[in-house]
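Overview (structure and organization)
Take a look at the letters that make up each chain.
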Amino acid sequence: MPREHRGARRPLDRQILALAVPALGALVAEPLFVLVDSAVVGHLGTEHLAGLSVASTILLTLVGLCVFLAYATTASVARRVGAGHRAEALQSGVDGMWLAAGLGVVLATALWLSAPWAISAMGAEGAVAGHAVTYLRWSSPGLPGMLVVLASTGVLRGLQDTRTPLYVAVGGAVTNTVLNVALVYGLGFGIAGSAAGTAATQLTMGAVLTVVVVRGARAAGASLRPASGGILANARAGVPLFVRTLSLRLAILLTVFVATGLGAVNLAGYQVLNSVWGLAAFALDALAIAAQALIGHRLGAGDVSETRAILRRTLQWGVGAGAVIGVVIATGGWWFALLFTTDHEVRVAITLGMVVAGALMPLAGWVFVLDGVLIGAGDGRYLAWAGMLTVVVYAPVALAVRAWAPEGPAGLAWLWLAFAGVFMLARAVTTGLRARSDRWMVSGA
């Protein structure tokens, strides 16, 4: 590569890393909430931990479906900032936070009232169901805080500030640990104390990030009042991204269904493999977040050529990071397996699955970054249709694996070939074809 070409890339590389590295820290900090809750509640007893597992699955699924609050806000704010309309950008962000707060109150109320039904639908019974209902109800007041955190983080990403969410996430993780220990063991509140501590932490995080955004809005001359038109605009922008996220959740649920049908060995191996895949996804998600912010900003400024340059470079980063992570996963499968289980068959299943996962990780890097590019461009409607199409393509292949995969540990490798291969390839094709065209590059605010 010519020296001047490499030199031209360095400023863009610095921008990507300046956004991606703090974003990665914030993404990794968030799962510590569940980890801390699990560690604290686990010492209360097996039934308590089982109840937490059921309740947290419902809660995390609900919050995961609302991630559009962050994505839609990032794209909207970045585009307006790029166009030089900072006050309008922050007004859009404030409206998004009002939407998050209102939606959080509605969902918290619904979750409190429907907790027994939701837990029963998950198949929990007896003492496990009782603990699950308790955790779900005491954690539900934190939902408005969780959703405001999503929306305010989106605002700050749109302003190309990923450091503040990192600091708040780390502070929240520490606070959550202290509150959980104090409430569960110090005051003897049991599993309710763990849920209440997490809820209080999430509300505090939402309040802190709200103060940060409010200060920025006031400095820019933006109104803090909820504007019905702005809230509706945020809601309309969020619907396609909700559908896109729903398609991903459906694919994951289908994968779990198939793993369940492949027997206990493969299901246990799936849990480990999925955890490792999820951890690797954080690094690729961080690059996608950087792409969202940079693409939205440059399209807002009307700089199409720079937008193409960002697309190319972030894709190179995504594939490269995927390749490095893939080598670690593929070659370290057996050693990862030793950390999680003593069952030889499960270890073999994990090892075979990780070879497949590692080989396909560069493809995942391509997909994650392209997803971020199109979200940053505000191309949510296309992503919604494409997401549902990929599920339609994946479903028969996944079901074929459940019906015909060979018995034993090799079944997990076939399942991951279907998920990380067919499903990810379908996503790569649909997003890649879109990126090759100019339809997504709508410039201006």
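Predicted model only: the values in this text are computed from it and were never measured.

Moving on, we get to the layout of surface pockets. Empty space within the second largest pocket amounts to approximately 470 Å³. Of all the elements in the fold, those that place two or more residues in the lining of the second largest pocket are helix H4 (68-82), helix H5 (86-121), helix H10 (228-261) and helix H15 (380-404). Along the lines of polarity and charge, the residues of the lining of the second largest pocket split into eight nonpolar, seven polar and six charged.

Residue-level pLDDT values for the protein chain average 86, and 96% of them are 70 or greater. Looking across the protein chain, the model is least confident in helix H2 (residues 32-42), with a mean pLDDT of 72, and most confident in H15, with 93.

Moving on: a nonpolar patch on the surface. A contiguous nonpolar patch, built from Val170, Val174 and Val178 and spanning about 250 Å² of accessible area, is present on the exposed surface. Relative to the helices and strands, Val174 is located in helix H8 (residues 163-186).

Moving on to unusual backbone geometry. In this model, Gln160 sits at a positive phi of 60 degrees, which is unusual for a non-glycine residue. You can see Gln160 is positioned in the loop between helix H7 (143-158) and H8.

The geometry of a pair of packed helices is captured by two quantities: the angle between their axes and the separation between those axes. For the pair H4 and H10, the least separation of the axes is 9 Å and the interaxial angle reads 125 degrees. Put simply, H4 runs oblique to H10. Crossing of H4 over H10 shows right-handed handedness. Here Phe68, Tyr71, Ala72 and Thr73 of H4 lie close against H10, whose contacting residues are Asn234, Ala237, Gly238, Leu241, Phe242 and Arg244.

Once that is clear, we can look at the pattern of salt bridges. Taken as a whole and judged by the stated rule, the model has six salt bridges. Asp303 is the partner of Arg298 in a salt bridge, and the nearest nitrogen-oxygen pair spans 3.2 Å. Arg298 sits in the partly exposed class, given a relative accessible area of 22%. Between Arg434 and Asp379 there is a salt bridge, and its shortest N-O distance comes to 2.7 Å. Of this pair, Arg434 sits in helix H16 (residues 410-436) while Asp379 sits in the loop between helix H14 (344-376) and H15; the two residues are 55 residues apart in sequence, bridging distant segments of the chain. Of the two residues, Arg434 and Asp379, both sit in the buried class. Each member of the salt-bridge network shares a partner with another, and the members are Arg244, Asp371 and Arg427.

You can see Gly378 is positioned in the loop between H14 and H15. Spatially, the C-alpha atoms of Gly378 and Gly93 are 15 Å apart, while their sequence positions differ by 285 residues.

Moving on, we come to the side chain of Gln91. The residue Gln91 is located in helix H5 in this model. For Gln91, a relative accessible area of 16% translates into the label buried. Filtering out sequence-adjacent residues up to four positions away, Gln91 remains in contact with Ala222, Ser223 and Arg225.

Over the atoms, a rolled probe matching the size of one water molecule traces out where space is still vacant. Overall, the coordinates contain three cavities of 30 Å³ or more when judged by the stated rule. Estimates place the volume of the largest cavity at around 80 Å³. Lining the largest cavity are Arg244, Ser247, Leu248, Asp371, Leu383, Ala386, Gly387, Thr390, Phe423, Arg427, Thr430 and Thr431.

Let's shift gears to the packing of H10 against H16. Here H10 crosses H16 at 160 degrees, and the two axes come no closer than 11 Å. Relative to H16, the element H10 is oriented roughly antiparallel. You can see that H10 and H16 cross each other, and the crossing is right-handed. In this structure, H10 contributes Arg244, Leu248, Ala251, Thr255, Val258 and Ala259 to the contact, and H16 contributes Leu415, Phe419, Phe423 and Arg427. Tallied by class, the residues present in the contact of H10 with H16 amount to seven nonpolar, one polar and two charged.

Cut-offs applied
- Residues numbered from 1 in each chain as written.
- Predicted model: local features only at pLDDT ≥ 70, side-chain atom pairs only at ≥ 80, totals over all residues.
- Heavy atoms only, no water.
- 1 Å grid on protein atoms, 1.4 Å probe; cavity = no way out; pocket = protein on both sides within 12 Å on 5 of 7 lines; lining within 4 Å.
- Points joined across faces, edges and corners; volume = space filled by probe spheres on them.
- Helix = DSSP H or I, 4+ residues; strand = E, 2+ residues; numbered from the N terminus.
- Nonpolar A, V, L, I, M, F, W, Y, C, P; charged D, E, K, R; others polar.
- pLDDT = per-residue confidence, 0-100.
- Patch = residues over 30% accessible without salt bridge, like charges linked within 9 Å, V, L, I, M, F, W, Y side chains within 5 Å.
- Areas by Shrake-Rupley, 256 points an atom, 1.4 Å probe, with all protein chains shown as cover.
- Salt bridge = Lys/Arg side-chain N within 4 Å of Asp/Glu carboxyl O.
- Axes fitted to C-alpha atoms, helices over the stretch in contact; angles between N-to-C directions.
- Parallel < 35°, antiparallel > 145°, perpendicular 65-115°, else oblique.
- Left-handed = near helix turned anticlockwise from the far one by under 90°.
- Contact = heavy atoms within 4.5 Å.
- Buried < 20%, exposed > 50% of the residue type's maximum accessible area, 1.4 Å probe, protein only.

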